[in-house]
Amino acid sequence: MKIDHSLPLEYSTEENRLKILGFWIFLGAEIMLFATLFAGYFTLANRTGNGPTGAEIFEITPVLIETFLLLASSFTIGLGIHAMRLGNKKAMLTFFAVTLILGLGFLGVEIYDFVVYVHEGAAIQTSAFTSMLLTTLGTHGAHVTVGFFWGLFIILQVRKRGLTPETANKSFIFSLYWHFLDVVWIFIFSFIYMKGMM
Amino acid sequence: MDFFDRFAIPHASPAIYASMVAIVLTSVAIVAGLTYFKKWGYLWREWLTTVDHKRIGIMYLLSALLMLFRGGVDAIMMRAQLAAPESKLLDAQHYNEIFTTHGVVMILFMAMPFIIGFMNFVVPLQIGARDVAFPRLNAISFWLFFMGAMLFNISFVVGGSPDAGWTSYFPLAGNEFSESVGTNYYMIAIQIAGIGTLMTGINFMTTILKMRAPGMTLMKMPMFTWSSLITNAIIVFAFPVLTVLLAMGTMDRLFGTQFFTTENGGMDMLWANFFWVWGHPEVYILILPAFGIYSQVISTFARRNLYGYKSMVWSMVIISLLSFLVWVHHFFTMGQGALANSIFSITTMAIAVPTGVKIFNWLLTLWKGKIVITTPMLYSMLFIPLFTIGGVTGVMLGMSAADYQYHNTMFLVAHFHMVIIPGVVFAMLAGLTFYWPKMFGFMLNERIGKLTAWIIAISTLVAFMPMFFTGLDGQARRMYTYSEATGFGPLNMISFVGALGLAAGFVLLVYNVYYSTRYASRDISADPWDARTLEWATHTPVPSYNFAVEPQVSSEEPLWDAKKNGHELFKGEYKEIHMPNNSGVPFIMSSIFFVWGFSFVFSLWIPLILATIGIFACMTHRSFEKDHGHHISVKEIEETEEKLRGA
């Protein structure tokens, strides 16, 4: 394996560079996935049938908490990658762990939110609007859940194997994924919650 | 016994029972044969666990041929049913199932693996790479496609086939009108295969963007590689739409959501829109690689460089962009209003412009060329006029006002078959004949090959031209029979004869494979067609590492330069080569996906959960696995090269 020391560790081998480009292309596909969900949501947002409307079920407090937690986690994973580039393994692992804990907090609030919706009569079967809402949020939530386990595995590997071109590459790609989920959430916050509450 | 009732066929017939017996017997024969000849180890080591792009390509092609025959049998049954008025050969339900599976199998499980098979085999060789960017992912792509296809194919003997058309429009595809599990199969089998295709898209985009031989700039890539790059970009942007769409359809059918229902705000037109937002680009996913193959074949056998290289590239780029802007033309009659229809009419007709550019470029490549008529060239020559018939009728269908006459008639069916058969199928057969020597080390018989090409071309015209006329006279598609008073009888009988001719053509193709395997000379050079690009610059059979020394490129026809202009392709010494290891995980994980899909179709929740855990376990295993591949030593390369040069 040829290692190019003039580049950051995560870019240092040919294989690593391929993986990073491949992952960017994957994120392109993910953008299309969420764009389709949003297109569906905009189409069905006012088709509430006999069920509640968005304005009736959306609560600002949990949504703000979720937003704060996820945005903060995007910041901490950025710090984690920064620490990785400085070669500070301990700081990196700490920031990654904080990121995942924030992610778990986000998931907790989101699950609480879902339970509240169902109690208020907005289950996934209620109307086209609730089906689409919960599917869009659920897809994002499922991504965060998968990300949680993925991140956990990476923490375990970095702990055991140290910062190698391979583990650095995995960590960097994971950070791209995590930032992406944050971007999607900003769209959810703006175009589902804020728009829905107005 | 209640548990087992769900697996019964809702509309059983003697033909289905016969198929069940045939499937069981074939499976037993395969297992017995493998055991008797002690081939299990060989199968596992050399094929099931392989990550070699060439072997994966060949497996794609074999699966595609298998599916071609499955879809072909469906086609023959349909044409037989329609050959005479008031025919009682099939009942309405059975006919519905057959046209649905025919469409799905031919598009998704025949044409798609065919083009992806060629991409796998040809692209890395054509760009001078040792494999694709992510060989393990490539194996997963193949096995997901394969398991998806198998899951879809068992539907007709376990639980019932889908019957809502390959477009599966809601509310027809909803639980109310499609009670059997058939449409569940549609939603889930295509989902599994679709995930595989999406990964192929990512894999090949990365491969083509990053792994080209030194000197091969983007504008020096061979045309098939260009078409593959653009196709894979379309895959990456179109397939996620399908993923979401199928997930929504699955949830409507199994979890009672309200996306496409007719009450509680559901919107059935959302399905139609999303389906074609994916479905129209899908058409170009099929046709662009076919255009790529024609470009290679035509310039090889006109003994000229491709005319208008840049305009070929740009026309494909424009086609790929326009392909996302035309989806509404599939349902002009479904109530968008005049403005939307006009806009989509214009974008649709605009696609004829870049496509026309390509046709003229091929014609101008032939102009003053020293044309050699070989089987691949014959298919390409037949393609141009026949495809033009399909293309021109496409422009007719694209005019929204006129479309009210053509919509959902046999005219439409004739149009898309005249596009897909000469466009895609001829290209696949041309490509198969063209690349056969590179894959298997001997050539297919030219005499039988040319005869096959003529039979297939003439039969295509005989089978589909009559449909233009019955369609204009008002014969609706997907109707299982018609009365004698309509007068459609004789023309449909002609179509049936054409269908039999097509079947004969494909049987002849198989015979050619058999005949050539037995009698063809094994003593062929690495470049039997006197071709122009890098895939012909390496040995036949291609060594696992493709090229012992990385080739140097200075134009879009490196091999031609090497042969005619003294360009030096292979400079430098042998160096140790790093190659990926084989792995059984892709096959195992995809098998679990099969169980997952099957459990989902029949709402067997406990196996579904177990399979889901199994899939994630495979992914976890991959995350922790340490696999740095292996190295082929210089000595080993020297020995291999020596042996291949001597052969």
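Calculation criteria
Position numbers for residues count from 1 along each chain, tracking the sequence in the order it is written. Chain letters start at A and ligand numbers start at 1, both assigned in the order the entries are written. In keeping with the predicted nature of the model, local features appear solely for residues at pLDDT of at least 70, side-chain atom pairs appear and are counted solely at 80 or more, and the whole-chain, interface and lining totals rest on all residues. Side-chain numbers here rest on the full set of heavy atoms in the structure, without hydrogens or water. Pairing of aromatic side chains here covers Phe, Tyr and the six-membered ring of Trp, requires ring centres within 6.5 Å, and sorts the geometry by plane angle: under 30 degrees stacked, over 60 edge-to-face, intermediate tilted. The rule is short: NZ of Lys or CZ of Arg within 6 Å of the ring centre and within 35 degrees of the ring normal puts a charge over the ring. Domain delimitation in this document rests on an assignment produced automatically or drawn from a domain database. Only heavy atoms matter for contacts: two residues are in contact if any of them lie within 4.5 Å across the pair. Using a 1.4 Å probe, buried area is obtained as the accessible area two parts lose upon being combined, added over both of them. Salt-bridge detection follows one rule: a side-chain nitrogen of Lys or Arg within 4 Å of a carboxyl oxygen of Asp or Glu. Helix and strand definitions here come from DSSP, where helices need a minimum of 4 consecutive H or I residues and strands a minimum of 2 consecutive E residues; each element is numbered from the N-terminal end. In this description, a nonpolar core means a group of buried Ala, Val, Leu, Ile, Met, Phe, Trp, Tyr and Cys residues linked to one another through side-chain atoms lying within 4.5 Å. Type-normalised accessible area, obtained with a 1.4 Å probe on protein chains alone, sets the label of each residue: buried when under 20%, exposed when over 50%, and partly exposed for intermediate values. UniProt positions are given in the numbering used here, feature names are shortened, and annotations may be inferred rather than shown by experiment. Under this definition, polar contacts are N or O atom pairs within 3.5 Å; protein pairs additionally need one hydrogen-donor-capable and one acceptor-capable atom, and for neighbouring residues in sequence, both atoms have to be side-chain atoms. When residues are grouped by polarity, Ala, Val, Leu, Ile, Met, Phe, Trp, Tyr, Cys and Pro land in nonpolar, Asp, Glu, Lys and Arg in charged, and all others, Gly among them, in polar. Patch criteria: residues need more than 30% relative accessible area and no salt bridge. Like-charged residues are merged within 9 Å; nonpolar side chains of Val, Leu, Ile, Met, Phe, Trp and Tyr are merged within 5 Å. Under the convention used here, a 1.4 Å probe and the Shrake-Rupley method define accessible areas, while residue burial counts only the protein chains that appear.

Turning next to the packing of aromatic side chains. This structure, assessed with the given rule, holds 82 aromatic pairs over all chains. Aromatic side chains A:Tyr41 and A:Phe42 sit 6.2 Å apart centroid to centroid with 70° between the ring planes, which places their arrangement in the edge-to-face category. A connected cluster of aromatic rings, assembled from ring pairs, spans A:Phe38, A:Tyr41, A:Phe42, A:Phe58, A:Phe106, A:Phe114, A:Tyr117, A:Phe129, A:Trp185, A:Phe187, A:Phe191 and A:Tyr193. The ring of B:Trp47 has B:Arg55 sitting right over it, with the charged end atom 4.9 Å from the ring centre. Lying across the ring of B:Phe156, B:Arg70 places its NZ or CZ 4.9 Å from the centre.

Another point: the domain arrangement of chain B. Residue and element names in this part refer to chain B. As far as domains go, chain B holds domain 1 (11–48) and domain 2 (49–583 + 627–646). The straight-line distance from the C-alpha centre of domain 1 to that of domain 2 is 27 Å. Contacts between domain 1 and domain 2 engage 11 residues on the former and 13 residues on the latter. Across the domain 1/domain 2 interface, buried area totals approximately 1200 Å², and carbon plus sulfur atoms make up 63% of it. The largest share of the area that domain 1 buries against domain 2 comes from His 11, Trp 47 and Leu 48, three residues that together contribute 48% of it. Linking domain 1 to domain 2 there are 1 salt bridge. Here Glu 46 makes a salt bridge to Arg 55, at a shortest N to O gap of 2.9 Å. Listed by contribution, the elements that provide at least two residues to the side of domain 1 that touches domain 2 are α2 (14–36) and α3 (40–48). The biggest single contributor to the side of domain 1 that touches domain 2 is α3, with 5 residues.

Bringing the nonpolar core into the picture now. It is characteristic of soluble globular proteins that their nonpolar side chains tend to be buried jointly. Grouped together as the largest cluster of nonpolar side chains are 262 residues, with contacts concentrated most on B:Phe109, B:Phe118, B:Trp362 and B:Phe426. Sorting elements by how many residues they give to this core places helix α5 (residues 92–126) of chain B first, with 21 residues.

Feature annotation in UniProt assigns "transmembrane region" (unreviewed entry) to the following positions: residues 21–43, 63–81, 93–112, 132–156 and 176–194 of chain A. Structurally, residues 63–81 of chain A is divided into 100% helix and 0% strand, and its ends, taken at the C-alpha atoms, are 27 Å apart.

Let us look at the interface of chain A and chain B. Contacts between the two partners involve 37 residues from chain A, matched on the other side by 36 residues from chain B. Interface area lost by chain A to chain B is led by A:Leu18, A:Ile25 and A:Thr36, which between them contribute 17%. Counting every contact that joins chain A to chain B gives 0 salt bridges. The tally of links between chain A and chain B comes to 10 residue pairs in polar contact (both at pLDDT 80 or more). Secondary-structure elements contributing two or more residues to the side of chain A that touches chain B are α1 (14–44), α5 (128–161) and α6 (165–197) of chain A. Sorting elements by how many residues they give to the side of chain A that touches chain B places α1(A) first, with 19 residues. For the side of chain A that touches chain B, the per-class residue count stands at 16 nonpolar, 13 polar and 8 charged.

What follows is about the UniProt feature "domain: Cytochrome oxidase subunit I profile" (unreviewed entry) in chain B. Residues given the UniProt feature "domain: Cytochrome oxidase subunit I profile" (unreviewed entry) here are residues 38–554 of chain B. Between the end C-alpha atoms of residues 38–554 of chain B the distance is 48 Å, and the span holds 68% helix and 0% strand.

Residues and elements named next belong to chain A. On the surface, Phe 42, Leu 71, Val 183, Ile 186, Phe 187 and Phe 191 cluster together to form a nonpolar patch covering roughly 510 Å² of accessible area. Counting residues per element, the nonpolar patch draws most heavily on α6, at 4 residues. Considering the arrangement of structural elements, one finds Leu 71 in helix α3 (residues 60–85). Under the relative-accessibility criterion, Leu 71 is labelled partly exposed at 37%.

Residues and elements named next belong to chain B. Using the criterion set out here, one finds 15 salt bridges over all chains in the structure. With a closest N to O distance of 3.5 Å, Lys 635 and Glu 639 form a salt bridge. With a gap of 4 residues between them, Lys 635 and Glu 639 both fall in helix α21 (residues 634–646), about one helical turn apart. Its relative accessible area of 55% is what places Lys 635 among the exposed residues. Judged by relative accessible area, which is 48%, Glu 639 ranks as partly exposed. Sharing partners across several salt bridges, the network here consists of Arg 136, Arg 622, Glu 625 and Asp 627.

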